[in-house]
Amino acid sequence: MAETQTGGGITPPVPSRDGVQRSGHTAPRSAGLPDLRRVGAHPDHWYPVALSRKVRRGRAYATAFAGERIALYRGESGAVHALEDRCAHRQVPLSMGVVEGETLRCCYHAWAYRGDGRISQIPYLSKGDGRPPRGVRGYPVREAYGLVFVFPGDPEKAAGTAFPELPAHGSPKYRTMTFSRTVRCHYSFMHENLLDMNHQFLHRGVVGRLHPELLGHRADGRTVEARYLFTHTGGKRNRSAGLLAGEGIGGSASSDVMTIRTQYPYQTLDLVPERADHPAFRLWAAYVPEDAEQRTCRTYGLLMIEKPGIPAALHVAWPFIRRFAERVFAEDRMAVEAEQRAWDEQGEDRNHEVFPVILDVREVLRANGVPLRPPAAPCDPAGCDGAPAGHPRDGGEGDASRDPSPSPARPGG
């Protein structure tokens, strides 16, 4: 039985006239609330936007958060910098530029930018010539766990905002497997997929027949946590699944307790095998929207697997475990992308959710997210909002004379 069941939407089975028990239900809890798929990820958090190994020394790298294009580059010192991905001059992406020491130089007219986004040089200007007072937006950036994180929101809040803590990542008892995949869906579908373990039928070809029992769940303003007891009830189980569950090389049937938590905006999963006192593996995941409408997200996952008593065993099993994890993820991606296509076709969320855990996580994602901006109206060729062509809003040369200093966070891009 669940420890708590917050919110409404579910009523006990109601006996009909023919004596058959049928589930009665009230209107869905989401009735009258904003469509969750129109809620954007809040920018005032640390989000991974690249694998560290992809940002090479002396090279620039293009990435994005919710429609905001970001140029990463690693300077001569090894430090990573994050800038708005446009030159203040002609709007050419800075990710196409050249790294020189700790500066990034635009490939077009060679304007150079420091790591904070300020212009350090415009090579062809004389002392008396006018120049932009600032440059482009610079983002707070941190590198940890083999990932590059940026803070796309209010930069003044960056220092006081909690950064993910993953003690198992650096522990000698665990080895980490890193994932980075694009999924064509709103990030909320990913939170729902991992928290709702009642979808194991989807993975029957990989894990056999698994029976998940909800032991309990809890929710507050920022967190939803669910605990499941998993029992393997038959069917062929992939050997790598057994290794991940801590069954060892010989293999043995076991029941596992899995704890899954959405703690906005991240998700974690811990699996503790039967008779164990610590997780056999731990997963940390973040779903980072890439486009302005947030219909596509980049999933970053860190799977921290306990090392067995025989050190070489995990090394041998590593490629098989990765293949298993990739197959499970591919099946999940197929399902959530199908959900997104249905939303796109219908223009709204028509599903009628009944599982309390998912109703709770939807409330958390709504409460902590920000409204998405409506799509911009088509622009008249003569100029937008009555502005003549070549006006700064048009991205013409006049843009170089205005102050493109960092503006407040633009929720949802």
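Residues numbered from 1 in each chain as written. Predicted model: local features only at pLDDT ≥ 70, side-chain atom pairs only at ≥ 80, totals over all residues. Heavy atoms only, no water.

1. Observations regarding the overall build of the chain
Working step 1: When you go through the chain residue by residue, the secondary structure sums to 5 helices and 22 strands.
Working step 2: Taking all 413 residues of the chain together, 47% fall into the buried category.
Working step 3: Residue pairs at least 24 apart in sequence account for 62% of intrachain contacts in the chain once pairs closer than 6 positions are excluded.
Working step 4: Roughly 20500 Å² of accessible area belongs to the chain as shown, and the carbon and sulfur atoms make up 53% of that amount. (Helix = DSSP H or I, 4+ residues; strand = E, 2+ residues; numbered from the N terminus. Buried < 20%, exposed > 50% of the residue type's maximum accessible area, 1.4 Å probe, protein only. Contact = heavy atoms within 4.5 Å. Areas by Shrake-Rupley, 256 points an atom, 1.4 Å probe, with all protein chains shown as cover.)

2. Focus on the sheet that holds strand E4 (residues 47-51)
Working step 1: Spatially, E4-E14-E13 is the arrangement adopted by the 3 strands of the open sheet, whose pairing is antiparallel. Looking at which strands have only one partner, the edges of the open sheet turn out to be E4 and strand E13 (141-144). Strand-to-strand twist of the sheet, defined as the mean angle between neighbouring strand axes without regard to direction, takes the value 30 degrees.
Working step 2: The pairing of E13 with strand E14 (residues 147-150) spans 4 bridges and is antiparallel. The residue of E14 that forms the bridge with Glu143 is Val148. (Pairing = 2+ DSSP bridges. Axes fitted to C-alpha atoms, helices over the stretch in contact; angles between N-to-C directions.)

3. Points about the confidence of the model for the chain
Working step 1: On average, the chain scores 82 in pLDDT, and the residues at 70 or more come to 78%.
Working step 2: Segment residues 245-252: pLDDT under 50, and 20 contacts once partners within four positions in sequence are set aside and those in other chains are kept.
Working step 3: When the criterion is pLDDT under 50, residues 383-413 qualifies, and its contacts beyond four places in sequence or with other chains add up to 56 contacts. (pLDDT = per-residue confidence, 0-100.)

4. Side note on the packing of helix H1 (residues 187-195) against helix H4 (residues 311-346)
Working step 1: Viewed as axis vectors pointing N to C, H1 and H4 meet at an angle of 130 degrees, and their least axial separation amounts to 10 Å. With respect to H4, the axis of H1 lies oblique. Of the two elements, H1 crosses H4, and the hand of that crossing is right-handed. Of the residues in H4, those touching H1 at Phe189, Met190 and Asn193 are Phe329, Asp332, Val336, Glu339 and Gln340.
Working step 2: Taken together, the residues that form the contact of H1 with H4 break down as 4 nonpolar, 2 polar and 2 charged. (Parallel < 35°, antiparallel > 145°, perpendicular 65-115°, else oblique. Left-handed = near helix turned anticlockwise from the far one by under 90°. Nonpolar A, V, L, I, M, F, W, Y, C, P; charged D, E, K, R; others polar.)

5. Examining the pattern of salt bridges
Working step 1: One pass over the full model with this rule turns up 19 salt bridges.
Working step 2: Residue Glu225 pairs with Arg261 through a salt bridge whose shortest N-O separation is 2.5 Å. Taken together, the positions of Glu225 in strand E17 (residues 223-234) and Arg261 in strand E18 (residues 255-263) put the pair 36 residues apart, joining distant regions of the chain.
Working step 3: The exposure class of Glu225 is buried, given its relative accessible area of 12%. (Salt bridge = Lys/Arg side-chain N within 4 Å of Asp/Glu carboxyl O.)

6. With respect to the sheet that holds strand E6 (residues 68-74)
Working step 1: The sheet built from 4 strands is open, its strands ordered E5-E6-E7-E12 with antiparallel pairing. Strands with a single pairing partner mark the edges of an open sheet, and in this sheet they are strand E5 (60-65) and strand E12 (138-139).
Working step 2: Pairing analysis gives 2 bridges linking strand E7 (residues 80-84) to E12, with the strands arranged antiparallel. Counterpart to Leu83 in the pairing with E12 is Gly138.

7. Concerning the environment of Arg222
Working step 1: Structurally, Arg222 can be placed in the loop between strand E16 (209-219) and E17.
Working step 2: According to the relative accessible area criterion, Arg222 is partly exposed, its value standing at 37%.
Working step 3: Along the sequence, Arg222 and Gln263 sit 41 residues apart, while their C-alpha atoms lie 5.8 Å from each other.
Working step 4: In this structure, Arg222 is in contact with His45, Thr262, Gln263, Tyr264, Val364 and Asn368, ignoring residues within four places of it in sequence.
Working step 5: A polar side-chain atom of Arg222 sits 2.3 Å from the main-chain carbonyl oxygen of Tyr264. (Polar contact = N/O pair within 3.5 Å; in protein donor to acceptor, adjacent residues only side chain to side chain.)

8. Observations concerning a positive patch on the surface
Working step 1: On the surface, a cluster of positive charge is contributed by Arg53, Lys54, Arg56 and Arg59.
Working step 2: Secondary-structure assignment places Arg53 in the loop between E4 and E5.
Working step 3: Looking at Arg53, the relative accessible area reads 63%, which means it is exposed. (Patch = residues over 30% accessible without salt bridge, like charges linked within 9 Å, V, L, I, M, F, W, Y side chains within 5 Å. Lys, Arg positive; Asp, Glu negative; His and termini not counted. Charge placed at Lys NZ, Arg CZ, Asp CG, Glu CD.)

9. Looking at unusual backbone geometry
Working step 1: Look at the link from Tyr264 to Pro265: it is a cis peptide, with omega at 5 degrees.
Working step 2: Topologically, Pro265 is positioned in the loop between E18 and strand E19 (266-273).
Working step 3: At Ala110, a residue that is not glycine, the phi angle is positive and equals roughly 70 degrees.
Working step 4: Of note, Ala110 is situated in the loop between strand E9 (103-105) and strand E10 (112-113).
Working step 5: The exposure class of Ala110 is partly exposed, given its relative accessible area of 22%.
Working step 6: Phi is positive for Tyr145, which is not a glycine, with a value near 60 degrees.
Working step 7: One can find Tyr145 in the loop between E13 and E14.

10. Quick notes on the packing of H1 against helix H5 (residues 356-368)
Working step 1: At a closest axis distance of 10 Å, the pairing of H1 and H5 adopts a crossing angle of 150 degrees. Put simply, H1 runs roughly antiparallel to H5. The hand of the H1/H5 crossing is right-handed. Touching Tyr187, Ser188, His191, Glu192 and Leu195 of H1 are Val357, Ile358, Val361, Arg362 and Leu365, all from H5.
Working step 2: Of the residues contributing to the contact of H1 with H5, the split by class is 6 nonpolar, 2 polar and 2 charged.

11. Brief notes about the nonpolar core
The nonpolar side chains of soluble globular proteins are, as a tendency, buried together.
Working step 1: Counting residues in each nonpolar core, the largest one holds 81 residues, and the members touching the most others are Leu72 and Trp284.
Working step 2: Broken down by element, this core gets its largest block of residues, 9 residues, from H4.
Working step 3: In this structure, Leu72 is in contact with Val49, Ala50, Val55, Arg59, Ala60, Tyr61, Thr63, Val80, His81, Ala82, Val148 and Val150, ignoring residues within four places of it in sequence.
Working step 4: Ala71, Tyr73, Cys87 and Cys106 belong to the second largest nonpolar core, which has 15 residues in total. (Core = buried A, V, L, I, M, F, W, Y, C linked by side-chain atoms within 4.5 Å.)

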